[in-house]
Amino acid sequence: MGRSIAATAALAALAAVCGCTVQGADGKGHSPVHIELPGSRPPGTGADDRPSSSSPTAGPAVLWSPGDSGDHVRELQARLRQADWLFDGPTGTYDDLTEKAVRGFQGKRGLPRTGKTDTVTWQRLLKMTHEPGKWERYLMGGQPAGAPDPRCLTGRVLCIDKTTRTLRWMIDGRTVSTMSVRFGATGTPTRDGVFHVYWKSRHHWSTLYDSSMPYAMFFSGGQAVHFSYDFAARGYTGASHGCVNVRDEAAVADLYAQVRNGDKVVVYW
């Protein structure tokens, strides 16, 4: 009896020193006590089960991947355009085209073709490109609109902001829709001021410039708000002859259906 008590005490002392895990009996005659002696853990793990310094290191951290969105993704896309790996956008969303562009960029430089932008891929891209300006980031539109001019807050108004390059369609101070727009070049500027729509022409053709002006809403001489195929294709790399270009055909078609002759047009900085 004395020996049994002594053996139990010795076992408990050993467990306290070495650490143990009690396992339920399984009816197969296995010992109910499992003892782990120092140095008995599998090689490559520390005392807290984390890989030791001898374990293989992980790859570079992923910064952005498909499905992500935001300003950083927009900058990534702008830089990929500079490097001639992306030809659409920037959109601010890490879509299939962006993933394909990143994969191509990586493969060309001997990096793993993951399609995800990790720290190594990003640093290589930074060295090859310059900091994109605002209108490189928003080359194809999508920029947020600024606060409307006070003259836009009453009545039915095409509220056109040259600073943010946006058009708001407003009724009694409420914004119905917003779209990106483009203006005239230095030699043919879009006029500022308060005007009114005086003529609408769904399938207008400019005889002066021999070009199509669908959904034209004229407000000042030959200047009109209208859809532009060139703006849709090239974004802000081009300019109009003074008109207010819209690149979203569905949006301008819907606008054209709502605007009436006599509606106010405010063009401002």
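Residues numbered from 1 in each chain as written. Predicted model: local features only at pLDDT ≥ 70, side-chain atom pairs only at ≥ 80, totals over all residues. Heavy atoms only, no water.

When you look at the overall build of the chain in this model, what are you seeing that I'm missing?
On a plain count of helices and strands, the chain comes out with seven helices and 13 strands. For the chain, the residues scored as buried account for 37% of the 269 residues in total. Sequence-distant contacts, at least 24 apart, represent 51% of the contacts inside the chain between residues at least 6 apart. Carbon and sulfur atoms make up 56% of the accessible area of the chain, which totals about 15,100 Å². (Helix = DSSP H or I, 4+ residues; strand = E, 2+ residues; numbered from the N terminus. Buried < 20%, exposed > 50% of the residue type's maximum accessible area, 1.4 Å probe, protein only. Contact = heavy atoms within 4.5 Å. Areas by Shrake-Rupley, 256 points an atom, 1.4 Å probe, with all protein chains shown as cover.)

Can you help me understand the nonpolar core in this one?
It is characteristic of soluble globular proteins that their nonpolar side chains tend to be buried jointly. Judged by nonpolar contacts, the single largest core of 22 residues is most densely connected at Leu158, Ile160, Leu167, Met217, Val225, Leu255 and Val265. Sorting the residues of this core by element identifies strand S5 (156-161), strand S6 (166-171), strand S7 (174-182), strand S10 (211-220), strand S11 (223-227), strand S12 (244-246), helix H7 (249-258) and strand S13 (264-268) as the ones contributing at least two each. If sequence neighbours within four positions are ignored, Val225 has contacts with Leu158, Ile160, Leu167, Tyr215, Ala216, Met217, Phe219, Val244 and Val246. Core analysis: the second largest hydrophobic core is formed by 12 residues, Val73, Leu76, Tyr94 and Ala101 among them. (Core = buried A, V, L, I, M, F, W, Y, C linked by side-chain atoms within 4.5 Å.)

Any chance you could explain the sheet that holds S6 here in plain terms?
Adjacent strands of a sheet pair through backbone hydrogen bonds, lying either parallel or antiparallel. The strand order across the open sheet formed by nine strands is S8-S13-S5-S6-S7-S12-S11-S10-S9, and the pairing between neighbours is mixed. Pairing within the sheet leaves two strands with one partner each, and these edge strands are strand S8 (193-196) and strand S9 (199-206). Each strand axis lies, on average, 30 degrees off the axis of its neighbour in the sheet, ignoring direction. In terms of strand pairing, S8 meets S13 through four bridges, oriented antiparallel. Of the residues in S13, the one forming a bridge with Phe195 is Val265. The sheet strands contacting H7 are S5, S6, S7, S9, S10, S11 and S12, and the helix crosses S10 at an angle near 45 degrees. (Pairing = 2+ DSSP bridges. Axes fitted to C-alpha atoms, helices over the stretch in contact; angles between N-to-C directions.)

Looking at this structure, I do not really get the side chain of Arg168. What am I missing?
Along the polypeptide, Arg168 turns up in strand S6. The side chain of Arg168 sits in the buried core without any salt bridge; Asp161 is the nearest counter-charge, 6.8 Å away. (Lys, Arg positive; Asp, Glu negative; His and termini not counted. Salt bridge = Lys/Arg side-chain N within 4 Å of Asp/Glu carboxyl O.)

Honestly, the pairing of S11 in this entry has me stumped. Any pointers?
In regular strands, side chains alternate between the two faces of the sheet. Here S11 lies mainly inside the structure; five of its five residues are buried. Burial along S11 is two-sided: the face carrying Gln223, Val225 and Phe227 and the face carrying Ala224 and His226 are both buried. Taking the residues between adjacent antiparallel strands as the criterion, S10 and S11 are bridged by two residues, where Gly221 takes a positive phi near 55 degrees. Two elements, S11 and S12, share three bridges in a ladder whose sense is parallel. Across the sheet, the residue bridging to His226 is Asn245, located in S12. Note that the unit made of S11, helix H6 (residues 229-234) and S12 has a crossover that is right-handed. (Right-handed = clockwise from strand over helix to strand, strands pointing away.)

Quick question: what am I supposed to make of the pattern of salt bridges here?
Opposite charge on two side chains permits pairing when their charged atoms draw close. Evaluation of the coordinates by the stated rule reveals 10 salt bridges. Two residues, Asp149 and Arg151, come together in a salt bridge whose shortest N-O distance is 2.9 Å. Overall, the relative accessible area of 13% leaves Asp149 in the buried class. Residue classification places Arg151 among the partly exposed positions, given a relative accessible area of 37%. Between Arg234 and Asp230 there is a salt bridge, with its nearest N and O atoms 2.8 Å apart. Taken together, the residues Arg234 and Asp230, both in helix H6 and four residues apart, mark about one turn of the helix. Residue classification places Arg234 among the partly exposed positions, given a relative accessible area of 41%. Taken together, the salt bridges that share partners define one network made up of Glu75, Arg79, Glu131 and Arg137.

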